[in-house]
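Below, each chain spelled out in residue letters.
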Amino acid sequence: MKTNFFSSVRLVKVAFMRFVALFPLVLINVLLLGSHSAFATLITAYVSGNDCAGYFNDYSGTYEGTTYNGTNGFDACQIFYGTGNDLVLISPVIAKFDGSLSDPTISVSNQFSSVDGTEWTFSDSNLDGDLDTWVYIRGDDDPAIRYWSAKAGNGFNLFWVDNIGSCDSANYVGMEGISLDCLNAADFMDSGMWETPDSRDLSHIVFYDSKDAVIVPPSEQIIEIPEPNILLLMATGLIFIRLSGRRKTKGTLSLGHN
């Protein structure tokens, strides 16, 4: 009985010493690998006025050889950056849901003929504007979603997810202080959260995309680990094997004497 007790104590001691020896290396790995992990921040920008009937329809300038005059129609509603020769068109409108989300009036851009509105489901069909969610079931020919906006009262909230850490804030007022890098960081989403400004009654929700988006299925995605971290992981593994063998040998010898 006493032998079993001391054997258990020795095993606990060996395990603890092994943990103490490896903990600094494990911590270093976590810190280094963590520094290369993707950011995933929901960005919200409050903009006064309307979205597709206002701000995102009022761009002007020349982009890729085409000149826009600031009154472009629903089908040309677009997340954009800059004006004049600096104009960059980023993300065209896909669809707009007006009124109650249980039986909305749906407007679909003529750029996306495969979309009919049934691709979306909403967690709350009320118009109260409180924090709610949406889910998008994307068909083979359907666009992907990068941005969405919720309009109420005299303004709207624009949402997107920055997955690479390009935005210097999670909350903006107006579009003027948002960099092009921040806007271009918008990830492709199949679900998201939304709420209206000050949780006012919802007027409508609009979804936007990059028309020629290439979506890589999760099964085909490759996660790259920088070379220095690979070397560190290999070193950690070798040290672990060496310590394990040494502790096991000592433990076997000491436990062999009753």
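Residues numbered from 1 in each chain as written. Predicted model: local features only at pLDDT ≥ 70, side-chain atom pairs only at ≥ 80, totals over all residues. Heavy atoms only, no water.

1. Brief notes about the overall build of the protein
- Counting its secondary structure elements, the protein contains three helices and 13 strands.
- Counting over 258 residues, the protein shows a buried share of 34%.
- Excluding contacts between residues fewer than 6 apart, the proportion of contacts in the protein whose partners are at least 24 apart in sequence is 69%.
- Only carbon and sulfur atoms are counted for the fraction: they give 57% of the accessible area of the protein, which is about 14,900 Å². (Helix = DSSP H or I, 4+ residues; strand = E, 2+ residues; numbered from the N terminus. Buried < 20%, exposed > 50% of the residue type's maximum accessible area, 1.4 Å probe, protein only. Contact = heavy atoms within 4.5 Å. Areas by Shrake-Rupley, 256 points an atom, 1.4 Å probe, with all protein chains shown as cover.)

2. Concerning unusual backbone geometry
- You will see that Asp198, though not glycine, has its phi angle at about 55°, which is positive.
- Within the element layout of this structure, Asp198 appears in the loop between β12 (191–194) and β13 (204–208).
- Located in the positive-phi region is Ser199, a residue other than glycine, with phi close to 55°.
- Structurally, the position occupied by Ser199 is in the loop between β12 and β13.

3. Some remarks on the environment of Met189
- Its place among the elements puts Met189 in the loop between α2 (180–184) and β12.
- On the basis of relative accessible area, Met189 is assigned to the partly exposed category, the value being 22%.
- Through-space distance from the C-alpha of Met189 to that of Ala144 is 6.9 Å; in sequence the pair is 45 residues apart.
- If sequence neighbours within four positions are ignored, Met189 has contacts with Trp134, Tyr136, Ile145, Trp148 and Val161.

4. Considering the state of the cysteines
- Under the definition given, this model contains two disulfides.
- What pairs with Cys52 in a disulfide is Cys77, and their sulfur atoms sit 1.9 Å apart. Looking down the S-S bond of the Cys52 and Cys77 bridge, the torsion is -80°, so its handedness is left-handed. One end of the pair, Cys52, is in the loop between β1 (41–48) and β2 (60–63); the other, Cys77, is in the loop between β3 (66–69) and β4 (78–81), and 25 residues separate them in sequence. Cys77 matches Cys52 in its accessibility class, with the two residues each being buried. (Disulfide = S-S within 2.5 Å.)

5. Let's talk about the nonpolar core
- Formed by 27 residues in total, the largest nonpolar core has its most connected members in Phe56, Tyr147, Leu158, Trp160, Met175, Ile178 and Tyr208.
- Where this core is concerned, the elements lending two or more residues are β1, β4, β5 (88–98), β10 (155–162), α2 and β13.
- Among residues more than four places away in sequence, those in contact with Leu158 are Ile43, Thr44, Ala45, Phe56, Ile79, Tyr147, Trp148, Ser149, Met175 and Tyr208.
- In this structure, Ile145, Ala150, Val161 and Phe207 belong to the second largest nonpolar core, which totals 19 residues. (Core = buried A, V, L, I, M, F, W, Y, C linked by side-chain atoms within 4.5 Å.)

6. Some points on the environment of Asp86
- Position of Asp86 among the secondary structure elements: in the loop between β4 and β5.
- Residue Asp86 is classed as exposed on the basis of its relative accessible area of 56%.
- Spatially, the C-alpha atoms of Asp86 and Tyr63 are 8.0 Å apart, while their sequence positions differ by 23 residues.

7. Remarks on the confidence of the model for the protein
- Averaged over every residue, the pLDDT of the protein is 76; residues scoring 70 or more account for 64%.
- Every residue in residues 212–233 scores below 50 in pLDDT, and together they form 16 contacts with partners more than four places removed in sequence or on other chains.
- Below a pLDDT of 50 lies the segment residues 246–258, which in the model reaches nine contacts outside its immediate sequence neighbourhood of four places, other chains included. (pLDDT = per-residue confidence, 0-100.)

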